[in-house]
Amino acid sequence: MEELKKEEKSLNFIEEIIEQDLKSGKNKSILTRFPPEPNGYLHIGHAKSICLNFGVAQKYGGKTNLRFDDTNPSTEEVEYVESIKTDLKWLGFSWANEFYASDYFDKLFEFALILIRKGLAYIDDSTAEEIASLKGTPTSPGKNNVYRSRSIEENEELFFGMKNGEFPEGSKTLRAKIDMASINMHMRDPILYRIKYANHHRTGDKWCIYPMYDFAHGQSDAIENITHSICTLEFVPHRELYNWYINKLELFPSKQYEFARLNLSYTIMSKRKLLQLVNEKHVAGWDDPRMPTLSGMRRRGYSSEAIIEFCDRIGIAKRENLIDVSLLEFCVREHLNKSAQRRMVVFDPVKVVITNWPKGKIDALTCENNPEDESAGFREIPFNGELFIEREDFMEAPPKKFFRLAVGKQVRLKSAYIITCNDIVKDSSGAIQEIHCTYVPESRSGSDTSGIKVQGTLHWVNSENSIAVQINQYDRLFKVENPSIEEGDFKNYINSESLNKVTAYAELSLLNSEVGQRFQFLRKGYYCLDKDSENKKLIFNRTVTLKDTWGQISLIDIG
RNA sequence: UGUCCGAUGGUGUAAUUGGCAACACGUCUGUUUUUGGUACAGAAGAGUCUAGGUUCGAGACCUAGUCGGACAACCA
């Protein structure tokens, strides 16, 4: 049944291309690659690309290489390399090979030499400004400069000079000799190599010239025999150049295909902007639970299963899109509902005293860990007749559809007894101090013979056997749906209330939880134990709330 | 005033390649429920950017237009 469903699911355009290529014999097998630049942490947008690249390879019996696109030493760091590998493993993908564009620096240098010798590349002494001014605009052609006609011998000699550190940074570049009047800006003599006296995270000080993206990416694909090089839409105009290099260099004919990147409502996906949030301390770090990074989402409590399911549901196409976060939230809830154990935690406590509870009696109640998963078993919770419930679960003047506690009303305490509210005690300011109830002895959970039907069930914690914990309640990082299209600085749209720390009272069993463990706090939401927790002080991150239909109704009814 | 890419319910993705638009999320109704969660049942919501054309028949093909995006870093 499951398989039938999968077979019925229509192919995305990438899968269609692959099936055609396999069918026509163009490719005997497929090889894809995931090519992150190690200049930041992976985010949910990368997850889409990862699921696509690894996903199609798995589906069609191929493999995927991990290749770090490390051609710009001034922004790239080992820390990022490590985080990327960690995130990839966490998602559950394994790569066939771990490569680096820098592995190919020697070959790339040779490739450049080939182009020079073919008269297809030249050394340009122009400044960046001069290059830009002769480049023209999308609607007007560029112009050739004097360096373009240098002899092959001179170009070769100068290129070695560049490599040997004979020229200052920025003084020379190696450019392809294509067509300064091309309708495609990327074909107007693109730069192949630039001089940079920077220490590279892998090659150290071996090189002082580094290839540009265009001169490295396609050739790296070709060297690895990548059959389908999948990237995002902004690279469409690069495709002509991608093919030009492979053609002139007579390399393996890797093909580039482009799909639309992921945009998520109320978040940003630009690595540059995310870095800014980190550097300027708007968030606690790359793994701040509000960040759309995989490390942030993991810390927040998102499961890899949920993220993969999300990537599967959003689909692959070529049109710009803005996915509603509610779909992501649906995916976490769906997975966590089945996998997370339930616990009881009271956020805003008010005391309930069971007036007919025998003095000193402690009843050990049995509580299911997850109604969606029998194998999750049970735990024991002590009950002593004095407890806390949520302040919002009691109302003095309840509206008709209020299924919770009020004077004269009955509710069930989850996994415990049905109680009847008789009275309330207020302090001098009129605030409710205690709620006095009586319990129905025959209504004990699991052996209820009372025959009483109640409309509501409340979560609670025992007044003595509970611990104070810190809860980090996270909300969306931005106030507007699409921060990147708003006027002005994106930071103007940061939600200043995206983190709200509160103290709550939790059942004792939570003391045994492990960092990263996910729970459903009954009637509240999903929470995950944060790594900053200490023995005495547990910190839970709110992943997402439960769906709250009453919250919506009460807003309308009560106002 | 250029080239390229795109346009299908609120959102996203489909439509077996030309046979009167489907699925999911979201929204709304009910049922069940010891979570106002979950599960289940159901409903509303687009006639496919516009105008022509080809065709017995067009969301799909052609032409023109409109709108949106990308392209002028020694970034990737």
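Residues numbered from 1 in each chain as written. Chains lettered and ligands numbered in written order. Predicted model: local features only at pLDDT ≥ 70, side-chain atom pairs only at ≥ 80, totals over all residues. Heavy atoms only, no water.

A. Just the overall build of chain A, in detail. When you go through chain A residue by residue, the secondary structure sums to 14 helices and 25 strands. With the C-alpha coordinates of chain A rotated into their principal frame, the extents come out at 100 × 55 × 40 Å. Considering chain A as a whole, with its 559 residues, one finds that 52% of them fall into the buried category. By sequence separation, contacts in chain A at least 24 residues apart represent 70% of the contacts at least 6 residues apart. Carbon and sulfur atoms make up 48% of the accessible area of chain A, which amounts to about 26,500 Å² in all. Taken together, the 74 basic and 81 acidic charged side chains of chain A have centroids lying 2 Å from each other. (Helix = DSSP H or I, 4+ residues; strand = E, 2+ residues; numbered from the N terminus. Buried < 20%, exposed > 50% of the residue type's maximum accessible area, 1.4 Å probe, protein only. Contact = heavy atoms within 4.5 Å. Areas by Shrake-Rupley, 256 points an atom, 1.4 Å probe, with all protein chains shown as cover. Lys, Arg positive; Asp, Glu negative; His and termini not counted. Charge placed at Lys NZ, Arg CZ, Asp CG, Glu CD.)

B. Expanded view of helix 8 (residues 213-223). Among the 11 residues of helix 8, 9 are classified as buried, and the element is accordingly described as predominantly covered. Along helix 8, the residues that are buried comprise Asp214, Phe215, Ala216, His217, Gly218, Gln219, Ser220, Asp221 and Ala222. Positive backbone phi, at 60°, marks asparagine 225, one or two positions downstream of helix 8.

C. Here's a closer look at the sheet that holds strand 7 (residues 209-211). Across the sheet, which stays open at both edges, the 4 strands sit in the order 4-5-6-7 with antiparallel pairing between neighbours. One side of each edge strand has no neighbouring strand; the edge strands of this open sheet are strand 4 (121-124) and strand 7. Here the average twist between neighbouring strands, direction ignored, is 20°. Relative to strand 6 (residues 191-195), strand 5 (residues 173-176) runs antiparallel, the two being bridged by 3 bridges. The residue bridging leucine 174 from the neighbouring strand is tyrosine 193, located in strand 6. Together, strand 4, strand 5, strand 6 and strand 7 form the strand contacts of helix 7 (residues 152-163), whose direction differs from that of strand 4 by roughly 60°. (Pairing = 2+ DSSP bridges. Axes fitted to C-alpha atoms, helices over the stretch in contact; angles between N-to-C directions.)

D. Quick peek at the environment of asparagine 72. Within the secondary structure, asparagine 72 sits in the loop between strand 2 (63-68) and helix 4 (78-91). For asparagine 72, a relative accessible area of 17% gives the class buried. Counting along the chain gives 128 residues from asparagine 72 to histidine 200, while the straight-line C-alpha distance between them is 8.0 Å. In contact with asparagine 72, not counting residues within four places along its chain, are Glu37, Arg194 and Lys196. Only 2.7 Å separates the side chain of asparagine 72 from the side chain of serine 74, close enough to count as a polar contact. (Polar contact = N/O pair within 3.5 Å; in protein donor to acceptor, adjacent residues only side chain to side chain.)

E. Highlighting the sheet that holds strand 21 (residues 466-474). The 7 strands lie next to each other as 10-23-24-25-21-22-11, forming an open sheet whose pairing is mixed. The open sheet has two edge strands with one neighbour each: strand 10 (341-343) and strand 11 (345-346). Docked against the sheet, helix 13 (residues 325-339) engages strand 10, strand 23 (518-521), strand 24 (525-529) and strand 25 (539-545), running at close to 120° with respect to strand 25.

F. Quick peek at the protein's contact with RNA strand B. Near RNA strand B you find 65 residues, and of these Met185, Arg313, Arg342, Ser445 and Gln520 are the closest. When atoms of RNA strand B within 4 Å of the protein are split into backbone and base, the sugar-phosphate part holds 60%. Counting residues per element, the ones that place at least two in the surface near RNA strand B are helix 6 (128-134), strand 6, helix 12 (304-314), helix 13 and helix 14 (549-558). Counting residues per element, the surface near RNA strand B draws most heavily on helix 13, which supplies 4 residues. Across the surface near RNA strand B, the residue classes break down as 24 nonpolar, 22 polar and 19 charged. (Near = heavy atom within 4 Å. Nonpolar A, V, L, I, M, F, W, Y, C, P; charged D, E, K, R; others polar.)

G. Seen up close, the pattern of salt bridges. One pass over the full model with this rule turns up 35 salt bridges. For aspartate 532, the salt bridge is made with arginine 299, and the minimal N-O distance between the two is 3.2 Å. Placement of aspartate 532 in the loop between strand 24 and strand 25 and of arginine 299 in helix 11 (residues 294-300) is noted, with a sequence separation of 233 residues between them. For arginine 299, a relative accessible area of 16% puts it in the buried group. Taking the shortest distance from any N to any O, the salt bridge between glutamate 386 and lysine 351 comes out at 3.3 Å. Separated by 35 residues along the polypeptide, glutamate 386 in strand 15 (residues 386-390) and lysine 351 in strand 12 (residues 349-354) bring together distant segments of the chain. In this structure glutamate 386 comes out as partly exposed when scored by relative accessible area, which is 28%. Residues joined in a network through salt bridges with shared partners are Asp287, Arg299, Asp530, Lys531 and Asp532. (Salt bridge = Lys/Arg side-chain N within 4 Å of Asp/Glu carboxyl O.)

H. Broad picture of the nonpolar core. In this structure, Ile44, Ile50, Leu88, Leu264, Ile307 and Phe310 are the most contacted members of the largest nonpolar core, which totals 38 residues. Of all elements in the fold, only helix 3 (44-59), strand 2, helix 4, helix 11, helix 12 and helix 13 reach the threshold of two or more residues within this core. Not counting residues within four places of it along the chain, the set of residues in contact with isoleucine 44 comprises Leu262, Leu264, Met269, Pro292, Leu294, Met297, Ile307 and Phe310. (Core = buried A, V, L, I, M, F, W, Y, C linked by side-chain atoms within 4.5 Å.)

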